[in-house]
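# Understanding the architecture of this molecule
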Amino acid sequence: MEALANCAVLNTTDSLKLSITNHLRFTLGAYVETASENDWYVATSLAVRDRVMERATQSRRQHRSQGVRRVHYLSLEYLMGRLLENNLRNAGIYDATKEALKEMGKDLDALVQKEPDMGLGNGGLGRLAACFMDSLSTMDLPAIGYGIHYEFGLFRQEFVNGKQVEHPDAWMRDGSPWKIARPSYRQSVKLYGQVIQKFDEFGRPHHEWIETKCLLGLPWDIPIVGYDSNTVNVLRLWQAQADEDFNFKVFNEGSYIEALREKAIAETVSKVLYPNDATESGKELRLVQQYFFVACSLADIVRRFKGGYDLPWSEFPSKAAVQLNDTHPAVAIPELMRILVDQEKLEWSQAWDICQKTFSYTNHTLLPEALETWSVALFERVLPRHLQIIFEINRRFLDEVEARWPGDGEKKRALSLIEESGGKKVRMAHMSVLGSHATNGVAALHTRLLCERLFPEFFELYPDRFLNLTNGVTFRRWLDVCNPELSALITESIGAGWLKDSTKLIALDKFADDASFKEKFQAIKRGHKVRLAKIIQDTCGVSVSPDALFDVQIKRLHEYKRQHLNLLHIVSLYRKIIANPNFDMAPRVFIFGAKAAPGYYLAKNIIHAINAVASKVNHDPRVNGKLKVIYIPNYGVSIAERIIPAADLSEQISTAGKEASGTGNMKLALNGALTIGTLDGANVEILEEVGPENIFIFGLTVEEVTDLYARGYNPWDFYHASEDLRLSIDWLASDYFTGNQDEFKPLRDSLLSHGDPFLVMADYDKYAACQAEVDKAYRDQPHWQKMAIHNTARMGKFSSDRTILEYAKNVWNLPQIGV
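Residues numbered from 1 in each chain as written. Predicted model: local features only at pLDDT ≥ 70, side-chain atom pairs only at ≥ 80, totals over all residues. Heavy atoms only, no water.

What follows is about unusual backbone geometry. Excluding glycine, most residues fall at negative phi; most peptide bonds, likewise, are trans. Unusually for a residue other than glycine, Tyr-192 sits at a positive phi of about 60°. Mapped onto the elements, Tyr-192 comes out in the loop between β6 (187-191) and β7 (194-199). The phi dihedral of Leu-759 falls on the positive side, at around 60°, and the residue is not glycine. Topologically, Leu-759 is positioned in the loop between α31 (745-751) and α32 (760-779). The buried category is assigned to Leu-759, whose relative accessible area is 0%. (Helix = DSSP H or I, 4+ residues; strand = E, 2+ residues; numbered from the N terminus. Buried < 20%, exposed > 50% of the residue type's maximum accessible area, 1.4 Å probe, protein only.)

This is how it looks when you write it as structure tokens:
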């Protein structure tokens, strides 16, 4: 292995061939002649990892020697996708590795397909965290991401008779060459028990948390490679273990299963992403899961501070910034207070000052029902000391509120960390805002609504703590990796600088009228559509034409994202086509990709409805190729990388005021898809960037939504006023699509009897009219391509590099190392 060590940082074709061969022989015990495809994938990944880890070691050494502040990003999700190709391109050794493998008789593209998506996330929250980790390394910012090492991802989705069925996502079955265990940094986590008051030798009271149960957290590190950068940061994931894996006494007594009971219970904590919380035991597991990863992470941060610096605790915030990605890690605030007050014996006021200077919070939702709360009874059982700390934080805070607004009970009720109505609950979003020095929204509109509607009292009290940081995506993953042909065309036209400075993309704007460029741009899009058509044929058994308009809606299945609005329009088109064989429309393929939470039964009913309509449409000869409906199962990062470059139209049709930002809208527009959308989330800013002539906007605005609710919204009014809408709903709810007229009664009831909470009925006619404009525009292909090029060229603002630099400057006060 000496040869391997000597060439660890060499990136030549020969050194890579030697590294791969050595890993086949010495790591995997395989011969080059007989190694499996999976062996080749693992050996190649390990050869890349060797080079990456050399840079990671240098990064850690540099950060330690300079004593820099580091951001610690706490997120319950990281939707990483596959890492091999992304790491090769970011590390600058893609071409050398491809050539090395070719000389060894192997195809890199085929090996990339052997890698499973990491099951560490679900939707936009996790994908954003993954983009941010990429940008932190690319921008040379010292950072560590913290999360959970899930044995199983959210779930593997299958359709049985059109209905979603969930199976375990066993992404770890064959291991992962990118993970590195760090047992020397294992942490211990306490749970349950009780709290007693004791006194020291001077008669001063303090609290002790006793009779607890214990979990161990084993860290696994995944290196995060920056593009054209010297920095490699780390994503550290915690795996839950029992502090006593095996009860030998019980085993010897013959109770073999009981002997492993504690081990099984402990491992449940990091078993599955988002366990179903429809039951009390599910809620308890979620709280334990969140506290487990937070406690491990803070213990690790504290270990690094105490071991690396000889500084007083007042300097802790100067070395450690902690970002809370949504409310899932919010229990970190009382946990740090517990560490400082109970373990380090700091005075309360000093500990609270340290907490607020350390933490910052990103809000990701405007839906009040999506803001996490935990019952006081559950908190008291699982984390009794933390509940005491929360009560004390709240007592002191309400004294501050009383001083500001004497006698104003309504202000206290609105601001209190404890929700009193309907059973006492701890408000984790309130905790996040109060315990942080900065709270940010993720789009300009979202931040405005955050201040005006979600946290108006906090904004009135602490206006300087709120700011906007519009989301972004990494252009390396979402253009260079997933659309290398377009990436090469852009680089050929304007140079490679755009990969690290996205503002340079605007230079592409002048090519929108260049006939040669437009021809190449269109050919690249069609090539991706041909490839996606083959995937659809192989996966869904449906043949689609790459010349049709590919209309794409790929995102988490939720009512506010309004996949059912899209569906009603499809039903309308289907009805018009079979009623009139001469109905004139550009052929269109509607493509869906989304998972519904296992306990979200209405969302699952919507999935079934889409699949039922698809089954009819795709097999009805009367449609004559004008319309196809495709629902690709098990949507995730890797299939998104195939869909997004092939998309012509991007559906971003959430109810105005409900979507925080969205990032799929950015990825699709970056790849030349035109957007049809409401003035919601980041759509507003995309409109500002690309111009109204290059986007399709429809529907109620935030103000109009508010006014409609205030006047008293009645969906039946829209049902009776629109024949097209009425016929579509009635047909969908009949027995035509499934043979059972009650099959989609939950969907129909949600739109009519239950008040249509997300205004599908109110926006339908405007949506249908806007879709007619899309149809007209698509027929003028030269102009459509011009619009598409303008979208790609004007997406520079929406890079996660820009977002991360804004966090570094305005929230974390973080230096770029070596810049």
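What follows is about the environment of Glu-85. Examined against the element boundaries, Glu-85 turns out to sit in helix α4 (residues 84-91). Overall, Glu-85 belongs to the buried group, its relative accessible area being 14%. Expressed as a C-alpha distance, the spacing of Glu-85 and Trp-40, which sit 45 residues apart in the sequence, is 14 Å. Aside from chain neighbours lying at most four places away, what touches Glu-85 is Tyr-94, Val-112 and Val-481. (Contact = heavy atoms within 4.5 Å.)

Before going further, it helps to spend a moment on the nonpolar core. In terms of nonpolar packing, the biggest core is built from 272 residues, with Phe-379, Phe-696, Leu-732 and Trp-812 touching the most fellow members. Considering every element that reaches this core, the biggest residue donor is helix α10 (residues 280-308), with 12 residues. Among all residues touching Leu-732, those that are not within four sequence positions of it are Leu-567, Leu-568, Val-571, Ala-609, Val-613, Phe-737, Phe-744 and Leu-747. (Core = buried A, V, L, I, M, F, W, Y, C linked by side-chain atoms within 4.5 Å.)

As a further point, take the side chain of Ser-229. Inspection of the secondary structure puts Ser-229 in the loop between β9 (213-225) and β10 (232-242). Of note is the side chain of Ser-229, whose polar atom sits 2.9 Å from the backbone nitrogen of Thr-231. Beyond its immediate chain neighbours, meaning those up to four positions away, Ser-229 contacts Arg-55, Ser-137, Thr-138, Asp-140 and Lys-500. (Polar contact = N/O pair within 3.5 Å; in protein donor to acceptor, adjacent residues only side chain to side chain.)

On to the confidence of the model for the protein chain, then. Looking at the protein chain, pLDDT values average 94 and 97% of them are 70 or higher. Across residues 1-8, confidence stays below pLDDT 50; counting only partners more than four residues off in sequence or on other chains, it has 13 contacts. (pLDDT = per-residue confidence, 0-100.)

Two aromatic rings, taken as a pair, are described by how far apart their centres are and by the angle between their planes. Summed over all chains, the structure comprises 26 aromatic pairs. Summarising the aromatic geometry, the rings of Tyr-146 and Trp-238 are spaced 6.3 Å apart at their centres and angled 10° between planes, so their arrangement reads as stacked. Of this pair, Tyr-146 sits in strand β2 (residues 143-148) while Trp-238 sits in strand β10, and the two are 92 residues apart along the sequence. Looking at Tyr-146, the relative accessible area reads 0%, which means it is buried. Judged by its relative accessible area of 0%, Trp-238 falls in the buried class. Ring plane angle 40° and centroid distance 6.1 Å describe the contact between Phe-305 and Tyr-309, whose orientation is recorded as tilted. A relative accessible area of 23% places Tyr-309 in the partly exposed class. Each residue in the set Tyr-73, Phe-132, Tyr-807 and Trp-812 is aromatic and connected to the rest through ring pairs, giving one cluster. Of note, Lys-411 hangs over the ring of Trp-405, and the distance from its end group to the ring centre comes to 5.0 Å. Geometry around Phe-155 places Lys-595 over its ring, the cationic atom sitting 5.2 Å from the centre. (Phe/Tyr/Trp six-rings, centres within 6.5 Å; stacked < 30°, edge-to-face > 60°. Lys NZ or Arg CZ within 6 Å of the ring centre and 35° of its normal.)

The end-to-end C-alpha separation of helix α7 (residues 124-138) is 21 Å, in line with the 21 Å expected for 15 residues at 1.5 Å each. Burial runs high along α7: 14 of the 15 residues are buried. Phi turns positive one or two residues past the end of α7, at Asp-140, with a value near 55°. (Expected span 1.5 Å × (residues − 1).)

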